[in-house]
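Chain by chain, the residues:
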Amino acid sequence: MRIYLNHRFVAETKAVVSVFDHGFLYGDGVFETVRAYEGRLFRLDEHLTRLKESARGLNITLPRTLPAWHRLLYQTLAINHLKNALVRITVSRGTGPIGLDPALCRKPTLVIIPRAFNGCPETPHRKGWKVAIASVRRTPSQALNPRIKSMNFLNNILAKIQAKGNHADEGLMLSLDGYLTEGSVSNLFLIKRRRLYTPAAGLGILEGITRQVVIELAKENRIPLHETRLRPSDLYKADECFLTNTSMEIMPVVKADGMKIGDGKPGPITRHLHEAYRAQVRFECGI
Ligand code: PLP
């Protein structure tokens, strides 16, 4: 695979950044993951806007204009002969002497890593995932703006480690006051009596691009949607549950903390929304 690193494409073995990069030293930077379907990057503008806002939140000026990013990302796909792919964009503070002061770094480091991706295997979607609520809490928005998709994912990593330790596929994090927020790499939705519920943005979540598509689809499909506060008990008593993110789209959840959700199988509204999601992708990507 050819990796884009600061102005040029290089072989994977040459795609190395300095040990003085502040992304490496302090997790000082932002990232974004975009998915390509049949050569088209889905909701690219939304991803680039989030990247730009994340960078602005850290006082990093994104190099390049949005049209230049479009060209660069499509060039990354073309050079690697990729049609179905995940493209990870990383922008770090850059290289500079040790020290937290951003002024130590003159220009951001930009890395684009593409990889072939034809979607998750069907089995997890058919069987559904297990989730576990982690003891580690979501970083409160007073500590870090949750809209900043930063290179510092430690809470999320700890939640994932705990989930794996509990034989679950994804760890969910609560807010400091005990409300459900999101998964380590995903947003959360519950269904109860044919109504859709998702933790409100104000609770300190990363507002996923996939979450936004699901919200739009719920409206189109006349499924009442509530962005609200949810407790773990709401999860355990839900009829259906699913997680969303760019790579897995909509993942049904069938167990939470060892308890069955609904009848312990992916639910009909989840399946319906996933079909609608895929249709939306085909429509927007001209497939
Ligand atoms: N929440 C967190 C913490 C994430 O890391 C992600 C994606 O990586 C999401 C939610 C889902 O975001 P998106 O739908 O834009 O992929």
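Below, the structure is looked at part by part. (Residues numbered from 1 in each chain as written. Predicted model: local features only at pLDDT ≥ 70, side-chain atom pairs only at ≥ 80, totals over all residues. Heavy atoms only, no water.)

**Details of helix 8 (residues 268-284)**
Then step 1. Its 17 residues give helix 8 an end-to-end C-alpha distance of 24 Å, which sits within 8% of 24 Å, the value for a rise of 1.5 Å per residue.
Then step 2. Of all the residues in helix 8, the buried ones are Ile269, Thr270, Leu273, His274, Ala276, Tyr277, Gln280 and Val281. Summarising the axial view, the buried residues of helix 8 lie within an arc of 165°, below the 170-degree limit, and thus occupy one face. Residues of helix 8 that are exposed and point more than 90 degrees away from the buried face comprise Pro268, Glu275 and Phe283.
Then step 3. Gly286 sits one or two residues past helix 8 and shows a positive phi near 60°. (Helix = DSSP H or I, 4+ residues; strand = E, 2+ residues; numbered from the N terminus. Expected span 1.5 Å × (residues − 1). Buried < 20%, exposed > 50% of the residue type's maximum accessible area, 1.4 Å probe, protein only. Arc of directions from axis to C-beta.)

**Observations regarding the side chain of Arg35**
Then step 1. Mapped onto the fold, Arg35 is located in strand 3 (residues 29-37).
Then step 2. Look at Arg35 and you get buried, because its relative accessible area is 7%.
Then step 3. Within the local environment of Arg35, its side chain forms a polar contact with the side chain of Glu249, the two groups lying 3.5 Å apart.
Then step 4. Look past the residues within four positions of Arg35 in its chain and what remains in contact with it is Arg40, Leu41, Phe42, Ala85, Leu86, Phe117, Asn118, Gly119, Thr246, Ser247 and Glu249. (Polar contact = N/O pair within 3.5 Å; in protein donor to acceptor, adjacent residues only side chain to side chain. Contact = heavy atoms within 4.5 Å.)

**With respect to the nonpolar core**
Then step 1. Counting residues in each nonpolar core, the largest one holds 25 residues, and the members touching the most others are Leu41, Trp69, Leu73, Ile89, Val91, Leu110 and Ile112.
Then step 2. Elements represented by at least two residues in this core include exactly strand 3, helix 2 (44-57), helix 3 (66-79), strand 5 (85-92) and strand 6 (109-116).
Then step 3. Ignoring anything within four residues of it in the chain, the contact list for Trp69 reads Leu48, Leu51, Leu62, Pro63, Arg64, Ile89, Val91, Leu110 and Ile112.
Then step 4. Core analysis: the second largest hydrophobic core is formed by 19 residues, Phe189, Val214, Ile269 and Tyr277 among them. (Core = buried A, V, L, I, M, F, W, Y, C linked by side-chain atoms within 4.5 Å.)

**Examining the pairing of strand 7 (residues 129-133)**
Then step 1. Extensive coverage of strand 7 is indicated by the burial of 4 of its 5 residues.
Then step 2. Pairing between strand 7 and strand 14 (residues 249-256): 3 bridges, direction parallel. Across the sheet, residue Lys130 finds its bridge partner in strand 14, namely Lys255.
Then step 3. Bridge count between strand 7 and strand 8 (residues 170-174): 3 bridges; the pairing is parallel. When the bridges of strand 8 are listed, Ile133 appears paired with Leu172.
Then step 4. For the crossover from strand 7 across helix 5 (residues 154-165) to strand 8, the handedness is right-handed. (Pairing = 2+ DSSP bridges. Right-handed = clockwise from strand over helix to strand, strands pointing away.)

**Structural notes on the site of the ligand**
Then step 1. Neighbouring the ligand are 17 residues, the closest being Arg50, Glu182, Ile209, Thr210 and Thr246.
Then step 2. With respect to the ligand, the side chain of Arg50 contributes an N or O atom lying 2.9 Å from an oxygen atom.
Then step 3. At a separation of 2.8 Å, an oxygen atom of the ligand approaches a polar backbone atom of Ile209.
Then step 4. Considering the ligand on its own, with 390 Å² of exposed area, one finds that the protein chains cover 95% of that surface.
Then step 5. Mapped by element, the contributors of at least two residues to the shell around the ligand are strand 9 (180-183), helix 6 (209-220) and strand 13 (240-245). (Near = heavy atom within 4 Å. Areas by Shrake-Rupley, 256 points an atom, 1.4 Å probe, with all protein chains shown as cover.)

**Some remarks on the pairing of strand 5**
Then step 1. Burial of strand 5 is extensive: 7 of the 8 residues sit out of reach of the surface.
Then step 2. With 8 bridges joining them, strand 3 and strand 5 adopt antiparallel strand pairing. Looking at strand 5, one finds that Glu32 is bridged to Ile89.
Then step 3. Relative to strand 6, strand 5 is paired through 8 bridges, and the arrangement is antiparallel. Of the residues in strand 6, the one forming a bridge with Ile89 is Ile112.

**A short note on the packing of helix 6 against helix 8**
Then step 1. Running from amino to carboxyl end, helix 6 crosses helix 8 at an angle of 105°, the nearest separation of the two axes being 10 Å. Classed by the angle they form, the pair helix 6 and helix 8 counts as roughly perpendicular. Across from Thr210, Val213, Leu217, Ala218 and Glu220 in helix 6, the residues of helix 8 making contact are Leu273, Ala276, Tyr277 and Gln280.
Then step 2. In terms of residue class, the contact of helix 6 with helix 8 is built from 6 nonpolar, 2 polar and 1 charged. (Axes fitted to C-alpha atoms, helices over the stretch in contact; angles between N-to-C directions. Parallel < 35°, antiparallel > 145°, perpendicular 65-115°, else oblique. Nonpolar A, V, L, I, M, F, W, Y, C, P; charged D, E, K, R; others polar.)

**Describing the sheet that holds strand 3**
Then step 1. The antiparallel open sheet is built from 6 strands, whose spatial order is 2-1-6-5-3-4. Across the chains shown, the open sheet's two edge strands, defined by having one partner strand only, are strand 2 (8-11) and strand 4 (40-41).
Then step 2. Of the strand pairs in this sheet, strand 3 and strand 4 are connected by 2 bridges, and their pairing is antiparallel. In the sheet register, Tyr37 faces strand 4, and the bridge partner there is Arg40.

Geometric values such as these leave the question of function open.
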